[in-house]
Amino acid sequence: MATQIKNGDFAMMGQEPGRQPKIFYPHMNLEQRVPRTHVLRRIQERIDFSFIYAEVRDTYGGNGNVSIPPPVILKMMLLLVLYNVRSERELMETIPMRLDWLWFLGYDIDSEVPDHSVLSKARVRWGVEAFRRFFERVVWQCVEAGLVVGSKIFVDSTLMDADASNNSVIDTRSLKVQLQEGYKKLEARLEERSEGTRRYVKENRRYISRTDPDAGIVNRGKPKLSYQVHRAVDGRGEVITATETTPGDVNEAHEMIPLLESHHLNTGVKADTVVADSKYGTVENFLACCDQGVEAHMPDLKESTAKRIEKLNIFSEERFEYDGESDTYRCPAGQRLKPKSLHMSRQSRDYAAPKKICGACELREQCTRNKSGRTVKRHLRQEELDGMREASRSAKAKRDIKMRQHLMERSYARGTRYGYDRARWRGLWRVQIQEYLVSAVQNIQVLLRYGSYLKRSPSVMMEEIKGTVTRSIRSFSEFNELMNSKIGRMVLSDPNYPRLSFIET
Ligand code: SF4
C-alpha cells in the first residue's frame with residue numbers, strides 16, 4: 001500500500017504521478033532520442049543497405065502481398081547478430097520496446113512489427129549469395145578507408161558448436177537404423193543435397209546427425225557436432241578479408257588457398273605472404289604458394305611429425321643425406337639408398353637400400369620396424385619444397401607466426417560477443433549466412449573505430465621514429481595517395497587508440 005504524505009510535510013518533494021497511459025505523444029521525436037554517437041546512427045551513416053534491392057530483386061514475384069522492404073530485413077538480421085539476441089522471436093518482441101532499434105529500422109513508435117518468420121523466409125528466398133555480397137561490400141569499404149594493406153594475410157580456423165544434440169547421431173551402417181522409415185527420408189534429403197553445387201563433402205559419412213546432417217563430428221576430448229569457421233585477417237586494422245564455413249571434420253589445410261583467392265577478390269590486392277600455423281604447413285600448401293609466388297610463413301607439418309618419430313627412437317628423414325649427382329641418399333650407416341618405385345598419386349619416389357643390407361645392419365633397431373628395410377620418400381619438386389621450408393624458418397617468418405597467434409585469437413574472441421561460436425540455425429548454408437553476418441559486424445566495428453578517427457583528425461599524428469623520416473598528412477586524398485604508393489608504410493602504434501604514422505623508407 002502506498003504511503004500517504006500529509007499536506008505541508010515534505011512539500012518540495014516530487015510525487016510519482018498515477019499510472020495513466022498516454023494516448024498521444026506530441027513532443028516525441030525518435031530522431032532526437034537517438035544520440036549522435038549511438039552505434040546504430042553511425043552504422044546508418046556509413047553502411048549502405050539499399051544495395052540489397054538490386055541483389056534480391058529477382059527472388060520476388062509480381063503478384064501477392066507486398067513484402068517487408070529488403071533493407072529492413074537485412075537491418076533486422078544485423079541487429080540479431082550485433083546485440084546477440086537469442087532468437088528471432090525475441091528480436092521481434094524487443095523491437096517495439098527499443099527506440100534506437102525502431103529508429104534504425106525506419107519504424108515509428110506505433111509501427112506494426114512483422115512476424116518473426118519473415119526472417120527465415122527471407123533467408124530461404126535470398127540464399128547465401130546476398131549475405132556474401134553484404135560482407136564483401138563491408139570489406140571493400142574498409143579497403144577504401146585505408147584499413148587494409150592486403151599484402152600479408154593471417155589464416156586460422158576454429159570450431160563452432162552445431163545446433164544439434166549428440167543424441168541425434170545415427171550409425172548409417174546399422175541395420176536397425178536403415179529399416180526405420182525416417183532414415184529413408186533422411187537418405188533422400190542427403191542424396192538431393194549431394195547432387196547440388198555443394199563444394200564441401202563431409203569426411204565422415206558413417207555417423208551423421210538426423211537434425212543437422214551437414215554438421216561434422218569432431219572429437220576434441222569428447223565428440224561434438226560442429227562446424228568450422230576459416231578466416232583470413234589483414235594485420236593493419238584486423239579486418240576479416242575472407243571467410244569460409246565448412247563441416248567441422250573438414251581438413252583446414254585445404255581451405256588456405258581458397259581463402260587466399262577470396263582475399264584477392266574481396267580486396268583487389270594479391271597477398272605476397274600468408275601466415276598460418278603448422279596444420280597448414282602441408283606439402284600441397286607449400287607448393288601452391290610457390291606456384292603463386294607467395295611466401296608461406298608457417299611451421300612445417302613434417303617437422304612436427306619428425307619430432308614425434310624421433311621420440312619413438314627412429315631416425316627422421318633429416319638423418320638421410322641426399323646426393324643430387326648420383327640421385328641417391330646416404331643413410332646413417334653410410335649405405336646408399338637408390339631410387340625405387342614412383343608414386344604419381346602423391347608425386348614422390350621411394351628410395352631404399354637392398355633388403356639384405358638393411359637386414360644385417362647394426363642400426364636397424366633405430367632405423368626401421370619394417371622387415372624389408374627402410375624407405376625414404378622424395379617429392380618430385382623437392383628442391384622447391386626445401387626452398388619454401390627454409391624461408392618458413394627465417395626470423396621474419398618466426399615473428400609473423402608469433403603475431404598470428406595473438407591476432408587470430410583476438411579475431412575469434414571478438415566474434416564470441418556476436419555469437420559466432422554457436423550455430424543459430426541448422427544446415428551449412430544457414431551457418432555460412434551467420435558467419436558472413438558476424439564477420440561483417442566485426443568489420444563494421446573496425447570501420448567505425450578507425451574510420452571515425454581518421455575523419456575527426458585528417459592531419460595524422462606525427463611520430464619521430466629512430467632512423468626514419470616521417471611526413472605530415474593533411475588530407476584524406478593525400479592519405480590515400482601515400483597508402484597506394486610504395487615509398488613507405490603506415491604504422492598503427494596502438495590498435496585500441498591508433499596513432500598513425502607514415503614512415504618513409
Ligand atoms: S637399416 Fe638400412 S637404411 Fe637404415 S641405417 Fe641400416 S642400412 Fe641404412
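Thresholds applied
Residues numbered from 1 in each chain as written. Predicted model: local features only at pLDDT ≥ 70, side-chain atom pairs only at ≥ 80, totals over all residues. Heavy atoms only, no water. Helix = DSSP H or I, 4+ residues; strand = E, 2+ residues; numbered from the N terminus. Contact = heavy atoms within 4.5 Å. Expected span 1.5 Å × (residues − 1). Buried < 20%, exposed > 50% of the residue type's maximum accessible area, 1.4 Å probe, protein only. Salt bridge = Lys/Arg side-chain N within 4 Å of Asp/Glu carboxyl O. Pairing = 2+ DSSP bridges. Axes fitted to C-alpha atoms, helices over the stretch in contact; angles between N-to-C directions.

Caption draft 1: Up close: the environment of Lys224. Tracing the chain through its elements places Lys224 in strand β5 (residues 222–234). A C-alpha to C-alpha distance of 9.3 Å links Lys224 and Ala164, two positions 60 residues apart in sequence. If near-sequence neighbours (up to four positions away) are discounted, Lys224 is found in contact with Asp161, Asn166, Gly216, Ile217 and Val218.

Caption draft 2: Spatial organisation of helix α8 (residues 128–144). The end-to-end C-alpha separation of α8 is 25 Å, in line with the 24 Å expected for 17 residues at 1.5 Å each. When we look at burial in α8, the residues that qualify are Val128, Ala130, Phe131, Phe134, Phe135, Glu136, Val138, Val139, Cys142 and Val143. Gly146 sits one or two positions beyond α8 and adopts a positive phi of about 80°.

Caption draft 3: Representation of helix α11 (residues 256–267). If you check α11, its first and last C-alpha atoms are 16 Å apart, about what 12 residues at 1.5 Å a residue would give, namely 16 Å. Here α11 lies mainly inside the structure; nine of its 12 residues are buried. Buried residues in α11 make contact with α8, β1 (152–161), β5, β6 (240–247), β7 (273–275) and α12 (283–292). Of the residues one or two after α11, Gly268 is the one with positive phi, at around 80°.

Caption draft 4: Structural context of the pattern of salt bridges. With the rule as written, the count across this model stands at 28 salt bridges. Across the salt bridge formed by Glu90 and Arg86, the nearest N and O atoms sit 3.3 Å from each other. Residue Glu90 is classed as partly exposed on the basis of its relative accessible area, which comes to 27%. The exposed category is assigned to Arg86, whose relative accessible area is 72%. Note that Lys152 is salt-bridged to Asp400, the shortest N-O span being 3.0 Å. Taken together, the positions of Lys152 in strand β1 and Asp400 in helix α17 (residues 395–416) put the pair 248 residues apart, joining distant regions of the chain. Residue Lys152 is classed as partly exposed on the basis of its relative accessible area, which comes to 26%.

Caption draft 5: Representation of the sheet that holds strand β12 (residues 348–352). An order of β9-β10-β11-β12-β13 is seen for the five strands of this open sheet, with the pairing classed as antiparallel. The sheet is open, and its two edges are formed by β9 (321–323) and β13 (375–379), each paired on a single side. Each adjacent strand pair in this sheet contributes to an overall mean axis angle of 35°, direction not counted. Direction of pairing for β12 relative to β13: antiparallel, over a ladder of five bridges. Residue Tyr351 lies in a different strand from β13, and its bridge partner there is Val376.

Purely spatial values, then, with no claim about function.
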